[in-house]
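One letter stands for each residue in the lines below.
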Amino acid sequence: MARRSLSFPDLWERHETLYVYIFSIALARLTQKSCLPDEDKISEQLCPVLSDVCFEESRKRKRSQKRDCEIRTPDWEKPIPPVTEKETEDENIGKRPDFTCKFINPDATCADDFEISLHIECKLLGNPTSESWILNKNYVNNGIKRFDSKSHQYGKRASSGIMIGYIISMEPEKIADEVNKHIEKHIPNHPTLSFQFVNHPVFKENQQLNRKNVKPSSFQLIHLWVDLRT
């Protein structure tokens, strides 16, 4: 039997890279559709696009005779299940990231570490939709913070996760400035974002976190922002 050459961290990085690529393609295609400025509706529209992209990429892999040719479509709004008796008592039971991409850990020595999930959380970005609903603040307090929150524990057991921002109004540069101000105010232990806004509908930035409430502590949060203003 052939010896597996890649360690779990390497395999996880490959899993992460694959789904960053899948979501980037799907988000770029989403810009060609007419999207209502509604977070849930946009994510719902993204589902069939993701299904198409995963199917197409799987076919490409099959034609090139790659071993792992099937790419599973991300699960939409799937609850985080408990994997230990203790977790059945946790307050985060039933929390639902917008998308989940599971991966099997071949190096697991116990059931706790057998399935690791790449969690994806999606939020609107732009001008406030009301006096009390500040989108760019919400991206921080109800988005980024969930990856280091005892109440949500997104990215638990994983070394990375994804935040998706649906830009529905305002210039991206101004959004980034406002998001960074909210990061500095509400989660000052997290680094700010420094997007390079180029002539492309999807923008990417990595944010390295040192988490205090969720393990593992070292965690990379990948931000994908898509321009849906048109």
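Treat the numbers as computed from the prediction; the structure is a model and nothing was measured. (Residues numbered from 1 in each chain as written. Predicted model: local features only at pLDDT ≥ 70, side-chain atom pairs only at ≥ 80, totals over all residues. Heavy atoms only, no water.)

1. Let's talk about the overall build of the protein chain
Then comes step 1: What the protein chain contains, in helices and strands, is 4 helices and 6 strands.
Then comes step 2: Reading the helices (α) and strands (β) of the protein chain from amino to carboxyl end gives α-α-β-β-β-α-β-α-β-β.
Then comes step 3: Scaling as 2.2 N^0.38, a compact globule of 230 residues should have a C-alpha radius of gyration of about 17 Å, and the protein chain matches this with 18 Å.
Then comes step 4: Its C-alpha atoms give the protein chain principal-axis dimensions of roughly 60 × 45 × 30 Å.
Then comes step 5: When the 230 residues of the protein chain are sorted by exposure, 45% land in the buried category.
Then comes step 6: In the protein chain, of all internal contacts separated by at least 6 residues, the share reaching a separation of at least 24 is 63%.
Then comes step 7: Summing over all exposed atoms, the protein chain offers an accessible surface of approximately 12500 Å²; the carbon and sulfur share of this is 48%.
Then comes step 8: With 34 positive and 34 negative side-chain charges, the protein chain shows a separation of 3 Å between the mean positions of the two kinds. (Helix = DSSP H or I, 4+ residues; strand = E, 2+ residues; numbered from the N terminus. Rg over C-alpha atoms; globule rule 2.2 N^0.38 Å. Buried < 20%, exposed > 50% of the residue type's maximum accessible area, 1.4 Å probe, protein only. Contact = heavy atoms within 4.5 Å. Areas by Shrake-Rupley, 256 points an atom, 1.4 Å probe, with all protein chains shown as cover. Lys, Arg positive; Asp, Glu negative; His and termini not counted. Charge placed at Lys NZ, Arg CZ, Asp CG, Glu CD.)

2. Some points on the pattern of salt bridges
Then comes step 1: Under the counting rule described, the total for this entry stands at 10 salt bridges.
Then comes step 2: Across the pair R72 and D75 runs a salt bridge, and its minimum N-O distance is 3.2 Å.
Then comes step 3: Take D75: its relative accessible area is 16%, and that puts it in the buried class.
Then comes step 4: Residue D227 is joined to R229 by a salt bridge in which the shortest nitrogen-to-oxygen separation is 2.7 Å.
Then comes step 5: Overlapping salt bridges, with partners in common, bring together E39, E121, K123 and R146 in one network. (Salt bridge = Lys/Arg side-chain N within 4 Å of Asp/Glu carboxyl O.)

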